[in-house]
Amino acid sequence: MHITENEVTFERCDQAFVGKFGAEVAAQMVLDYKSLYSLPFLYDTYQLADFLGIGRKELFDCVRHCDQNYRTISLKKKNGGIRRVYAPQKPLRIYQDKILQEILSRLPVSKYAKAYVRGGTLVQNAAPHVGKRYILKLDITDFFNSLHFEQIYSAAFNTNYFPKQIGVMLTTLCCRKNFLPQGASTSPALSNLVMRNFDDAMGFWCEKRGIAYTRYCDDMTFSSNQPLFSVYQKAKSMLENMGLELNERKTSFFTNANRQSVTGLTVNEKVSVSKSYKQNLRQEVYYVLKFGLAEHLLHTNNKLFLADGVPDTQAYFHHLVGQICFVLQIEPENAWFQNALVELRSKENVVR
């Protein structure tokens, strides 16, 4: 259908909808919906199939066999464990991208969520905790795989937005075996939507007590000038009511007597990159500028950028520039890294 301010033009995919209600009532239903939401109007499976750019039979087949359209990728964790990522294959990946762009990106999330949101950065996640005496960091166990079908449906595709059949089908297209798959483009946005009520309730509770709260994916950070032991119990109880568990091994209390970090950034006095990270990077840049990328890779035996003993200087160059840009994103006034970036780029052909 084509919608202007006060007029709806129906197309072939809308025939069943118009036939059920009549053109005048159907048009008013669409206009009323659009006055409330900036989402696509999807009343039946004909319209849903058209929205995804496929035939109705193809839609039903994809929904029926959705779990089979993922490729499992096993990644090694730093602690030696295995993380499994489920990558959607075409055409499911295309459908999920459409759902993300046209639906999920238009739904509201909590102001306390700092990851996977427009304008959200590591700095925004860390800034509220600068200069606080106490910091508490909590982590949710197996975050994506713990968010289940009913939570996803209720948070993103419920009957406020879509008829139940359409909502269930959209949820199915975003799930794998009834859970949120880590690897689908829709999963980060859906995790924020599922966590919205928790974030708002937890944030409101904290604000009344002078406590700062932010969440970056499965990492929750709390800070205050008062001890935070009660926050731990509150968060744990609320998460358990959602069927989520804290990863107790990653629960951390910090005071300003030591280095305080939030998602890798130091926050004792201001948001900054850790001294050890910058020191190691300075040393690396120094040797690259002095000896060149290839010789430095061979000397350090950096296997990440060596293929059968042959240095991949192009990949390493971009990696190094990326690290410098990360520092400058957090500390744009850092003169040493400003100059290092200029010098490295000016000698790009030489250092290779």
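Residues numbered from 1 in each chain as written. Predicted model: local features only at pLDDT ≥ 70, side-chain atom pairs only at ≥ 80, totals over all residues. Heavy atoms only, no water.

Visitor: Looking at this structure, how should I read the side chain of Asn 125?
Guide: Here Asn 125 shows up in helix α6 (residues 122–126). Given a relative accessible area of 0%, Asn 125 falls into the buried group. At 2.9 Å, the side chain of Asn 125 and the side chain of Thr 214 are in polar contact. If near-sequence neighbours (up to four positions away) are discounted, Asn 125 is found in contact with Lys 114, Thr 214, Arg 215, Tyr 216, Val 262 and Thr 263. (Helix = DSSP H or I, 4+ residues; strand = E, 2+ residues; numbered from the N terminus. Buried < 20%, exposed > 50% of the residue type's maximum accessible area, 1.4 Å probe, protein only. Polar contact = N/O pair within 3.5 Å; in protein donor to acceptor, adjacent residues only side chain to side chain. Contact = heavy atoms within 4.5 Å.)

Visitor: In this structure, what is going on with the pairing of strand β5 (residues 134–139)? I would like to understand it.
Guide: Successive side chains on a regular strand alternate, one facing one side of the sheet and the next facing the other. In terms of burial, β5 is largely enclosed, as six of its six residues are buried. The side-chain alternation of β5 yields two buried faces, one formed by Tyr 134, Leu 136 and Leu 138 and the other by Ile 135, Lys 137 and Asp 139. Pairing of β5 with strand β7 (residues 219–224), which is carried by six bridges, proceeds in the antiparallel orientation. What sits directly across from Ile 135, in β7, is Ser 223. Of the strand pairs in this sheet, β5 and strand β8 (residues 252–255) are connected by four bridges, and their pairing is antiparallel. Each bridged residue has a counterpart across the sheet, and for Ile 135 the counterpart in β8 is Phe 254. (Pairing = 2+ DSSP bridges.)

Visitor: What should I look at first to understand the packing of helix α12 (residues 275–291) against helix α13 (residues 293–300) in this one?
Guide: Each pair of packed helices gets described by two things: the angle between the helix axes and the distance between those axes. Two elements in contact, α12 and α13, have axes separated by 7 Å at closest approach and are oriented at 125°. Considering their axes alone, α12 and α13 lie oblique with respect to each other. In this structure, α12 uses Glu 284, Tyr 287, Val 288 and Phe 291 to contact α13, whose residues at the interface are Leu 293, Glu 295 and His 296. Tallied by class, the residues present in the contact of α12 with α13 amount to four nonpolar, one polar and two charged. (Axes fitted to C-alpha atoms, helices over the stretch in contact; angles between N-to-C directions. Parallel < 35°, antiparallel > 145°, perpendicular 65-115°, else oblique. Nonpolar A, V, L, I, M, F, W, Y, C, P; charged D, E, K, R; others polar.)

Visitor: Before we go on, may I ask you to explain a positive patch on the surface in this structure?
Guide: A cluster of like positive charges, contributed by Lys 77, Arg 83, Arg 249 and Lys 250, occupies part of the molecular surface. The residue Arg 249 is located in the loop between α11 (229–241) and β8 in this model. The exposure class of Arg 249 is exposed, given its relative accessible area of 67%. (Patch = residues over 30% accessible without salt bridge, like charges linked within 9 Å, V, L, I, M, F, W, Y side chains within 5 Å. Areas by Shrake-Rupley, 256 points an atom, 1.4 Å probe, with all protein chains shown as cover. Salt bridge = Lys/Arg side-chain N within 4 Å of Asp/Glu carboxyl O. Lys, Arg positive; Asp, Glu negative; His and termini not counted. Charge placed at Lys NZ, Arg CZ, Asp CG, Glu CD.)

Visitor: I tried to follow the sheet that holds strand β10 (residues 265–266) on my own but got confused; where do I start?
Guide: Across a sheet, strands are paired by hydrogen bonds formed along the backbone, either parallel or antiparallel in direction. Pairing is antiparallel across the open sheet formed by three strands, whose spatial order is β9-β10-β11. Strands at the two margins of the open sheet, each flanked by one partner only, are β9 (261–262) and β11 (272–273).

Visitor: What am I meant to see in the layout of surface pockets here?
Guide: Taken as a whole, the largest pocket spans an internal volume of roughly 810 Å³. Taken together, 22 residues line the largest pocket, and the ones lying closest to its centre are Lys 77, Arg 83, Gln 182, Asp 218 and Lys 250. When residues of the lining of the largest pocket are assigned to their parent elements, the largest contribution, three residues, is made by strand β4 (residues 82–88). Residue composition of the lining of the largest pocket, by class: six nonpolar, five polar and 11 charged. (1 Å grid on protein atoms, 1.4 Å probe; cavity = no way out; pocket = protein on both sides within 12 Å on 5 of 7 lines; lining within 4 Å. Points joined across faces, edges and corners; volume = space filled by probe spheres on them.)

Visitor: Looking at this structure, how should I read helix α7 (residues 149–156)?
Guide: Structurally, the α-helix is built with 3.6 residues per turn, so residues lying three or four positions apart point the same way. Here α7 has its buried residues at Phe 149, Gln 151, Ile 152, Tyr 153 and Ala 156. On its buried side, α7 packs onto α8 (164–173) and α9 (187–194).

Visitor: Looking at this structure, I do not really get the nonpolar core. What am I missing?
Guide: In summary, soluble globular proteins display a tendency toward joint burial of nonpolar side chains. Counting 73 residues, the largest nonpolar core has Ile 99, Ile 103, Leu 104, Phe 157, Phe 162, Met 202 and Phe 222 as the members making the most contacts within it. Beyond its immediate sequence surroundings of up to four residues, Leu 104 is in contact with Ile 99, Ala 156, Phe 157, Thr 186, Ala 189, Leu 190 and Leu 193. In terms of nonpolar packing, the next biggest core, distinct from the first, is built from 26 residues, Phe 317, Phe 337, Ala 340 and Leu 344 among them. (Core = buried A, V, L, I, M, F, W, Y, C linked by side-chain atoms within 4.5 Å.)

Visitor: How should I be thinking about α8 in this particular structure?
Guide: Judged by how many residues are buried, α8 sits mostly within the fold: seven of 10 residues are covered. For α8, the complete set of buried residues consists of Ile 166, Gly 167, Met 169, Leu 170, Thr 171, Thr 172 and Leu 173. Packing partners of the buried residues in α8 comprise α3 (45–52), α4 (56–64), β3 (70–76), α5 (92–102) and α7.

Visitor: What is the right way to read the packing of α12 against helix α14 (residues 313–330) from this model?
Guide: Viewed as axis vectors pointing N to C, α12 and α14 meet at an angle of 140°, and their least axial separation amounts to 11 Å. Between α12 and α14, the angle is such that the two are oblique. The crossing of α12 and α14 is left-handed. For the pair formed by α12 and α14, the contact residues are Tyr 277, Lys 278, Leu 281, Glu 284, Val 285 and Val 288 on the first element and Tyr 316, Leu 320, Gln 323, Ile 324, Phe 326 and Val 327 on the second. Partitioning the contact of α12 with α14 into residue classes produces nine nonpolar, one polar and two charged. (Left-handed = near helix turned anticlockwise from the far one by under 90°.)

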